[in-house]
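Here are the chains, one letter per residue:
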Amino acid sequence: LLKRLENVPKNKRKCHYTTVIALKGKNFEETFEYVLSGIVSDVARGENGFGFDEIFELAADGYGIVTAAQAREIGVTTGELSRWCATGKLMRRGHGVYKLTQWVPTPRDVFAEAVALVGDEGFLWGESVLSMHALALVDPRAVTVATPKRIRRKLPAWVKTVPAPENAKTTFYEGIPSQCVADAI
């Protein structure tokens, strides 16, 4: 395909991918259609040449979130991230943090996003760990993330950071770095 399109300008390389899912139950029948529009790149990337697949897989494993560092690891450039933001496939959530625009939200998205916004060594802390597990009623307007690093970037008002204590026990719950529940209690 790339060979056949090598002399075709980018504005003429539009493409669409359509998927349809059908659900049938005892008293219902429903179909859902999703169309992903884009342009054919001039370089093969991803599985079978679908470059957006790699970003989608990364983000799907991270509650719709992908960082610029993760994108670089799979060979996606900052320019491509910017283009996907401009075309509405991704939205920039903060410094080096992006989210898929076509994402079915889950109750854990906000926790994953808060940790991603704080950075690599951040992890969910205190009441926010309990809130993620529905073990406590806490202020839903704030998610607390502990980090051993000083944070210089501006974070949204709903993300609260605290210094991570030395030797804090951490684990992953559903892929989100967190303080252990027992310690959070």
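Here goes a summary of the coordinates provided.

About the criteria used
Throughout this document, residue positions are counted from 1 along each chain, in the order its sequence is written. Given that this is a predicted model, residues contribute local features only at a pLDDT of at least 70 and side-chain atom pairs are listed and counted only at 80 or more, while totals for whole chains, interfaces and linings are drawn from all residues. Water and hydrogen atoms play no part in the side-chain values, which are based on all heavy atoms of the structure. Being paired, for any two strands, means DSSP has found at least two bridges between them. What counts as a helix is a DSSP run of H or I of at least four residues, what counts as a strand is a run of E of at least two, and both are numbered from the N terminus. Axis definition: a line fitted to C-alpha atoms, limited for helices to the stretch in contact. Angles are taken between N-to-C directions and run from 0 to 180 degrees. Contacts between residues were defined by any pair of non-hydrogen atoms, one from each residue, lying within 4.5 Å. Burial status follows relative accessibility: with a 1.4 Å probe on protein chains alone, a residue under 20% of its type maximum counts as buried, one over 50% as exposed, and anything between as partly exposed. In this description, one arc is meant: the one made by directions from the helix axis to the C-beta atoms. Stacked, tilted and edge-to-face are the three classes assigned to paired rings of Phe, Tyr and Trp, where Trp is represented by its six-membered ring and a pair needs centres within 6.5 Å; plane angles under 30 degrees give stacked, over 60 edge-to-face, the rest tilted. Definition of a polar contact: a pair of N or O atoms within 3.5 Å, with one able to donate and the other able to accept a hydrogen when the atoms are protein atoms, and with sequence-neighbouring residues admitted only if both atoms are side-chain atoms. Patch membership is restricted to residues that have no salt bridge and whose relative accessible area is over 30%. Joining uses 9 Å for like charges and 5 Å for the nonpolar side chains Val, Leu, Ile, Met, Phe, Trp and Tyr. A 1.4 Å probe and the Shrake-Rupley method give the accessible areas. Residues count as covered only by the protein chains that appear here. Should a side-chain nitrogen of Lys or Arg be within 4 Å of a carboxyl oxygen of Asp or Glu, the pair is scored as a salt bridge.

### So, the sheet that holds strand β5 (residues 97–100)
Here is step 1: Pairing is antiparallel in the open sheet, where 3 strands are placed in the order β3-β5-β4. Of all strands in the sheet, those bounded by a partner on one side alone are β3 (65–67) and β4 (90–94). Taken over all neighbouring pairs, the strand axes of this sheet differ in orientation by 35 degrees on average, direction set aside.
Here is step 2: In terms of strand pairing, β3 meets β5 through 3 bridges, oriented antiparallel. Within the sheet, the bridge partner assigned to Thr67 lies in β5 and is Val97.
Here is step 3: Most of the contacts of helix α4 (residues 78–86) go to β4, to which it runs at about 110 degrees, and overall it touches β4 and β5.
Here is step 4: Its contacts with the sheet put helix α5 (residues 109–118) on β3, β4 and β5, and the angle it makes with β5 is roughly 155 degrees.

### A word on α4
Here is step 1: Those residues of α4 that fall on the buried side of the exposure criterion are Glu80, Leu81 and Trp84. Buried residues of α4, viewed axially, fall in a sector of 100 degrees; they line one side.
Here is step 2: Downstream of α4 by a residue or two, Gly88 has a phi angle that is positive, lying close to 85 degrees.

### Details of the packing of aromatic side chains
Here is step 1: Using the criterion set out here, one finds 1 aromatic pair in the structure.
Here is step 2: Measuring from ring centre to ring centre gives 6.0 Å for Phe123 and Trp125, while their planes differ by 70 degrees; the resulting arrangement is edge-to-face.

### Topic: the side chain of Ser178
Here is step 1: Mapping Ser178 onto the fold places it in strand β10 (residues 176–179).
Here is step 2: Within the local environment of Ser178, its side chain forms a polar contact with the backbone oxygen of Ile176, the two atoms lying 3.0 Å apart.
Here is step 3: Those residues in contact with Ser178 that lie beyond four places of it in its chain are Phe123, Leu124, Val129, Met132, Lys169, Thr170, Thr171 and Tyr173.

### As for a nonpolar patch on the surface
Here is step 1: A surface patch of nonpolar side chains, about 410 Å² in accessible area, is lined by Ile21, Leu23, Phe28 and Phe32.
Here is step 2: Relative to the assigned elements, Leu23 resides in strand β1 (residues 14–24).
Here is step 3: For Leu23, a relative accessible area of 44% corresponds to the partly exposed category.

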